[in-house]
Amino acid sequence: MTSTVPTAVHDEQAAAVEPPITMFGPDFPYAYDDYLAHPAGLGQIPATEHGAEVAVIGGGLSGIVAAYELMKMGLTPVVYEADQIGGRLRTVGFEGCEGELTAEMGAMRFPPCSTAFQHYIDLVGLETKPFPNPLSPDTPSTVVDLKGESHYARTVDDLPEVYHAVMHAWNACLEDGADFSAMQSAIRERDIPKIREIWAQLVEKLDNQTFYGFLCDSPAFKSFRHREIFGQVGFGTGGWDTDFPNSILEILRVVYTGADDEHRGIIGGCQQLPLRMWDREPGKIIHHPQGTSLQSLHGGDPRPAVTRLTRTAGNRITVTDASGDIRTYQAAVFTAQSWMLLSKIDCDDTLFPIDHWTAIERTHYMESSKLFVPVDRPFWLDTDAETGRDVMSMTLTDRMTRGTYLLDDGPDKPATICLSYTWCDDSLKWLPLSANERMEVMLKSLGEIYPKVDIRKHIIGNPVTVSWENEPYFMGAFKANLPGHYRYQRRLFTHFMQDRLPEDKRGIFLAGDDISWTAGWAEGAVQTALNAVWGVMHHFGGGTDATNPGPGDLYDEIAPVELPED
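The structure presented is a predicted model; accordingly, all values stated were derived computationally and were not measured.

So, the pattern of salt bridges
Summed over all chains, the structure comprises 34 salt bridges. Here the residues in one salt-bridge network are D27, E250, R253 and K479, joined through shared partners.

Observations concerning helix α13 (residues 354–362)
Those residues of α13 not exposed but buried are H356, W357, A359 and I360. End-on, the buried residues of α13 take up no more than an arc of 160°, which puts them together on one face. Lining the buried residues of α13 we find β13 (346–347) and α16 (486–493).

Points about the sheet that holds β13
In space, the four strands of this open sheet follow the order β11-β10-β9-β13, with mixed pairing throughout. On the outer flanks of this sheet lie β11 (326–329) and β13, each paired with one strand and no other.

Let's talk about the environment of P274
Inspection of the secondary structure puts P274 in helix α11 (residues 272–279). Assessed through its relative accessible area of 0%, P274 is described here as buried. For P274 and V124, which are 150 residues apart along the polypeptide, the C-alpha to C-alpha distance reads 9.4 Å. Those residues within four positions of P274 in sequence are excluded, and the remaining contacts are I64, I85, G86 and L89.

Points about the packing of helix α6 (residues 180–189) against helix α7 (residues 192–206)
Interaxial distance between α6 and α7 falls to 8 Å at its minimum, and their mutual angle equals 150°. Classified by the angle between their axes, α6 and α7 sit roughly antiparallel to one another. Of the two possible hands of crossing, α6 and α7 adopt the one that is left-handed. Where α6 abuts α7, its residues A182, M183, A186 and I187 lie against K194, I195, I198 and W199. Of the residues contributing to the contact of α6 with α7, the split by class is seven nonpolar, no polar and one charged.

Section: the pairing of strand β6 (residues 142–146)
In terms of burial, β6 is largely enclosed, as five of its five residues are buried. Burial along β6 is two-sided: the face carrying T142, V144 and L146 and the face carrying V143 and D145 are both buried. Pairing geometry for β6 and strand β7 (residues 149–153), over five bridges, is antiparallel. Note that in β7 the partner of D145 across the bridge is S150. Taking the residues that link successive antiparallel strands as the turn, the β6-β7 hairpin has two residues, and the phi of K147 there is positive, at about 55°.

Considering empty space enclosed by the protein
Where empty space is left can be seen by rolling a probe of water-molecule size over the atoms. A full pass over the atoms with the stated rule returns six cavities of 30 Å³ or more. The calculated volume of the second largest cavity comes to roughly 100 Å³.

Criteria and cut-off values
- Residues numbered from 1 in each chain as written.
- Predicted model: local features only at pLDDT ≥ 70, side-chain atom pairs only at ≥ 80, totals over all residues.
- Heavy atoms only, no water.
- Salt bridge = Lys/Arg side-chain N within 4 Å of Asp/Glu carboxyl O.
- Buried < 20%, exposed > 50% of the residue type's maximum accessible area, 1.4 Å probe, protein only.
- Helix = DSSP H or I, 4+ residues; strand = E, 2+ residues; numbered from the N terminus.
- Arc of directions from axis to C-beta.
- Contact = heavy atoms within 4.5 Å.
- Pairing = 2+ DSSP bridges.
- Axes fitted to C-alpha atoms, helices over the stretch in contact; angles between N-to-C directions.
- Parallel < 35°, antiparallel > 145°, perpendicular 65-115°, else oblique.
- Left-handed = near helix turned anticlockwise from the far one by under 90°.
- Nonpolar A, V, L, I, M, F, W, Y, C, P; charged D, E, K, R; others polar.
- 1 Å grid on protein atoms, 1.4 Å probe; cavity = no way out; pocket = protein on both sides within 12 Å on 5 of 7 lines; lining within 4 Å.
- Points joined across faces, edges and corners; volume = space filled by probe spheres on them.

Here it is, written out as structure tokens:
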């Protein structure tokens, strides 16, 4: 997600003893990390239901987490996947380039506040390393290029004063308009009443407000020049302007929880996580014999794409897949992007209440494009003899490339460059171009910023690219609510509480990061998967241990704000 995080200034000694910021709320302040870590487990189902099949539609992170946890409970998940396990955790190699170089076409950086997501990283034994965001401590240098003028910086202190003024304006805007420090303190302390008190007032006040309107309403951002700079280059991971039309509530969810700060990448590629979970044999498993994995349950591969979803006798869910196979289930979990229910899958109207169909139809997806090239070595660390600076830097610009990231595993190894990472309208500008055409435009733009650097001579393989809006099983990168969409999002997120639905609308559970409050972050995919697991368990007559209540058990105490519908 393109954004920037203002961080409240704390005394170093005080900061050392403060609890960490995590993705605990603000909409649904439930401790998913504690739920996962508890020795009692996530719950159990009656022995009479052991072995029952549950359809899990979508083999991305959310689907694999849901399937894995349902399997541990003694159910038999049947995973359907139209493309490849991993979803938008997609790691690819380079054609024409020997070796282990990879590119992250979807998710590539994760904040430490993603504690439920981190649980699964640790579970499968993956390691992480700092990601080189602009101006982060692990980024050798950053160049901010705006209106043809470039500024070289190793820290934010090296930037001209106007950039400091923009940073201070953003901090003031958040403090004055959104009780930033108070909310962050409440999230650190997991003070549920305080989180709910602050957030309830803001939801009612700001649901109809755009991000840009929120800036314009702040005295701190009365300068158009400041708003323009903030939009085009920002601080943290890039400019904010592609988010300007979105609801300000979407932005607050990110900055309150520190989701755009101190990012890390998974060594070897993020797709390893769902793939390792697919292969993993849980140490503690019910009903199934020791040594069972999702992979062994499926004979190696998931079922193919779902083509039809219907309700059949006994309020069952019947799934037809691309091979023509038809199976009927007592419950199903749908984790693919929800627009697939409108286009790629033939669905009964009776699957969901009409208000949920409206929410699905109104979901707003952000476009996103990337292009990577492999290079012989991290040449950008060479020193320019005249200036003493790195010859090339992580780059933020208002040119077509917008964001350029430099990724390496050491000075003597081949490396990769993400030549361009763009969103929304900036992504659509690339859509008609092939990978090579995109590369040529990008090299031209970067050549204007670094006229003495010949990037092309270092390239050792073909470029790889993605435009998520053009991917047939995604149609966009992730959900981003527009003003007035809060009620729609609430319907989708709370869908796992099915006792509140008519009996003939139960049995299929929505999950995935677009159902979450924090779309675009893997944490949201994990959290909604766990909601769905709780929902399926409850649907089968199961329950949680009294010492480890699940998200549905505590729902009435922490339910998202409900705005009036009339």
